[in-house]
Amino acid sequence: MFIKDLAINIIPKALDAVETRQKIYSHNIANYNTPGYKRKDVTFEQELRKAMGDSDEIKLKTNNSKHLKNIPSINEVNYKIIEDNSRSNREDGNNVDIDVEMVKMMENTLQYNALTRLINYRFSDYKTAIGGIR
Amino acid sequence: MNLNAFKIMDIAASGMTAERFRSEVISNNLANANTTRTENGGPYRRKIVTFKEVLNKQFNSEDEQLSGVKVAKLEEDKSPFRLVYDPGHPDADKNGYVKYPNVNPLREMVDLITAQRAYEANVAVVNSAKTMFNSALSIGRGA
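Residues numbered from 1 in each chain as written. Chains lettered and ligands numbered in written order. Predicted model: local features only at pLDDT ≥ 70, side-chain atom pairs only at ≥ 80, totals over all residues. Heavy atoms only, no water.

S.K.: Would you mind showing me how to read the overall build of chain A here?
M.R.: From N to C terminus, chain A includes three helices and two strands. Taken from N to C terminus, the helices and strands of chain A fall in the order α-β-α-β-α. Each of the 134 residues in chain A was classed as buried or not, and the buried ones make up 41%. Taking the contacts inside chain A whose residues are at least 6 apart along the sequence as the reference set, 72% of them involve residues at least 24 apart. Counting every atom, chain A has about 8300 Å² of accessible surface; 54% of that belongs to carbon and sulfur. (Helix = DSSP H or I, 4+ residues; strand = E, 2+ residues; numbered from the N terminus. Buried < 20%, exposed > 50% of the residue type's maximum accessible area, 1.4 Å probe, protein only. Contact = heavy atoms within 4.5 Å. Areas by Shrake-Rupley, 256 points an atom, 1.4 Å probe, with all protein chains shown as cover.)

Dropping the structure here:
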C-alpha cells in the first residue's frame, strides 16, 4: 500500500532536494562577499517533470510492461547541483544578489513546510482508513 | 533528514563569523583613522579582509562539499598616506607635513553597513533552517 503510494515516494525525495537547496542558498549567502564566487542552485522540478513523462523529449511507445521505457522512473529522480555562470554586475565578479537569494530562501522554506504538511495529511488519511472515523 | 539542516546552520554560522571578523577589522581601521605612530614606525595602514569559499573535499558526494566561507587573508592597503600640512604636530616632517593613515572613514562606514547587512542575511538563514527543522519534526505527529 505504502510502496505504491506516489505521495509517499515523491515527498521524501522532494524534502531532500529542498533541504539541499536550502543548504546551497545558505552557502550562496555566506559567500556574498567572496570575490569571484558564482552562485549555485539545485534543479529538481525539471528532473521530476521528466520522470512524470511531461517533457519535450520524444518518448518510446510502450504497450507491454516488458517494453523498454526511455523516461526515468520516479524512484530514480534525483536533484542536480548547477553553477549559475551568469554575468555579474559587480566589480569583484561575484554574482550573488542578496535580495534574490533571500526571497528564494524564504520560498524554499515555505515549500518545505508545505511538503511536510502534505505528508502529514497523507498519514492521517491512512489513519482514517485503518481506524475508521470515530 | 540527513542532518542537512544542521549543515545549513553551520554554513550560515561561517558567514556570520566571517562578517563579524570584517566588522572588527573595520572597527580597528576607524579607531586608528588618526594614528600617526605604530609599532612598525610610520602611520597606521588600513587593513583589508578577503574571503574565500570553503569546499570540503573530505566527502565524496557533490553536495557535501559546500561548507560556507572563511577569511582568506588580512592584508594591508598599500595606497598612499594622507598628507596634512600641520607644522606644529610632533610627527611633522621638515616641510611641515604630517602623514596620516590611508583610512577613509566614509568608505569604512559603507563597508561596515555591507558587513552588517550580510550578517543579518546569515541570521535569517539560521532562522529559516530552524523553521524547516521544526516542521520536519512535526511529520507524523498529528497523524
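S.K.: For this particular structure, what's the right way to read the environment of B:Leu137?
M.R.: Inspection of the secondary structure assignment puts B:Leu137 in helix H2 (residues 105-137). In the structure, B:Leu137 is positioned 109 residues away from B:Asn28 in sequence and 44 Å away in space, judged by C-alpha atoms.

S.K.: What am I meant to see in the interface of chain A and chain B here?
M.R.: Often, the extent of an interface is quoted as the loss of accessible area on bringing the components together. Taken together, the 33 residues of chain A in the interface contact 41 residues of chain B. Here chain A packs against chain B, burying approximately 2900 Å² in sum over the two surfaces, 64% of which is carbon and sulfur. The tally of links between chain A and chain B comes to ten residue pairs in polar contact (both at pLDDT 80 or more). For the side of chain A that touches chain B, the secondary structure elements donating two or more residues are helix H1 (6-30) and helix H3 (98-131) of chain A. (Buried area = accessible area lost by both parts, 1.4 Å probe. Polar contact = N/O pair within 3.5 Å; in protein donor to acceptor, adjacent residues only side chain to side chain.)

S.K.: I'm lost on the environment of A:Thr34 in this one. Help?
M.R.: Residue and element names in this part refer to chain A. On the secondary structure map, Thr34 appears in the loop between H1 and strand E1 (40-43). Judged by relative accessible area, which is 3%, Thr34 ranks as buried. The spatial distance from the C-alpha of Thr34 to the C-alpha of Val96 is 9.5 Å, given a sequence separation of 62 residues.

S.K.: Which parts of the structure should I look at to understand the UniProt feature "domain: Flagellar basal body rod protein N-terminal" (unreviewed entry) in chain B?
M.R.: The feature "domain: Flagellar basal body rod protein N-terminal" (unreviewed entry), as annotated in UniProt, sits at residues 9-37 of chain B in this numbering. The span residues 9-37 of chain B shows a helical share of 79% and a strand share of 0%, and its end C-alpha atoms are spaced 42 Å apart. (UniProt positions renumbered as here; feature names shortened; annotations may be inferred.)

S.K.: Explanation requested: a nonpolar patch on the surface in the structure shown.
M.R.: A surface patch of nonpolar side chains, about 350 Å² in accessible area, is lined by B:Leu83, B:Tyr85 and B:Tyr97. Examined against the element boundaries, B:Leu83 turns out to sit in strand E3 (residues 82-85). (Patch = residues over 30% accessible without salt bridge, like charges linked within 9 Å, V, L, I, M, F, W, Y side chains within 5 Å. Salt bridge = Lys/Arg side-chain N within 4 Å of Asp/Glu carboxyl O.)

S.K.: Would you mind going over H3(A) with me for this structure?
M.R.: What sets the pattern is the α-helix's 3.6 residues per turn: residues three or four places apart point alike. In this model H3(A) runs 49 Å from its N-terminal to its C-terminal C-alpha over 34 residues, within 8% of the 50 Å that 1.5 Å per residue would give. Summarising the contacts, the buried residues of H3(A) are in contact with H1 of chain A together with H2 of chain B. Near the N-terminus of H3(A), the side chain that reaches the backbone nitrogen of A:Asp99, with its oxygen 3.1 Å away, is that of A:Asp97. The first or second residue beyond H3(A) is A:Gly132, which carries a positive phi of 75°. (Expected span 1.5 Å × (residues − 1).)

S.K.: Help me out: how do you make sense of the packing of H1(A) against H2(B) in this one?
M.R.: Two elements in contact, H1(A) and H2(B), have axes whose closest approach is 9 Å; the angle formed by their N-to-C orientations is 165°. The angle between H1(A) and H2(B) falls in the class roughly antiparallel. In the crossing of H1(A) with H2(B), the sense of the turn from one axis to the other is left-handed. Contacts from A:Val18, A:Glu19, A:Gln22, A:Ser26, A:Ile29 and A:Ala30 in H1(A) reach B:Ala121, B:Asn122, B:Val125, B:Ser128, B:Ala129 and B:Met132 in H2(B). (Axes fitted to C-alpha atoms, helices over the stretch in contact; angles between N-to-C directions. Parallel < 35°, antiparallel > 145°, perpendicular 65-115°, else oblique. Left-handed = near helix turned anticlockwise from the far one by under 90°.)

S.K.: Teacher, can you tell me more about the pattern of salt bridges here?
M.R.: Side chains that differ in charge, positive against negative, can pair when their charged atoms come close. All names here are of chain A. Inspection of the entire model under this criterion finds 19 salt bridges over all chains. Between Asp41 and Arg39 there is a salt bridge; the shortest N-O distance is 3.3 Å. By relative accessible area, Asp41 is classed as buried at 12%. By relative accessible area, which is 8% here, Arg39 ends up buried. Residue Asp41 pairs with Lys104 through a salt bridge whose shortest N-O separation is 3.9 Å. With Asp41 in strand E1 and Lys104 in helix H3, this pair connects stretches of sequence that are 63 residues apart.

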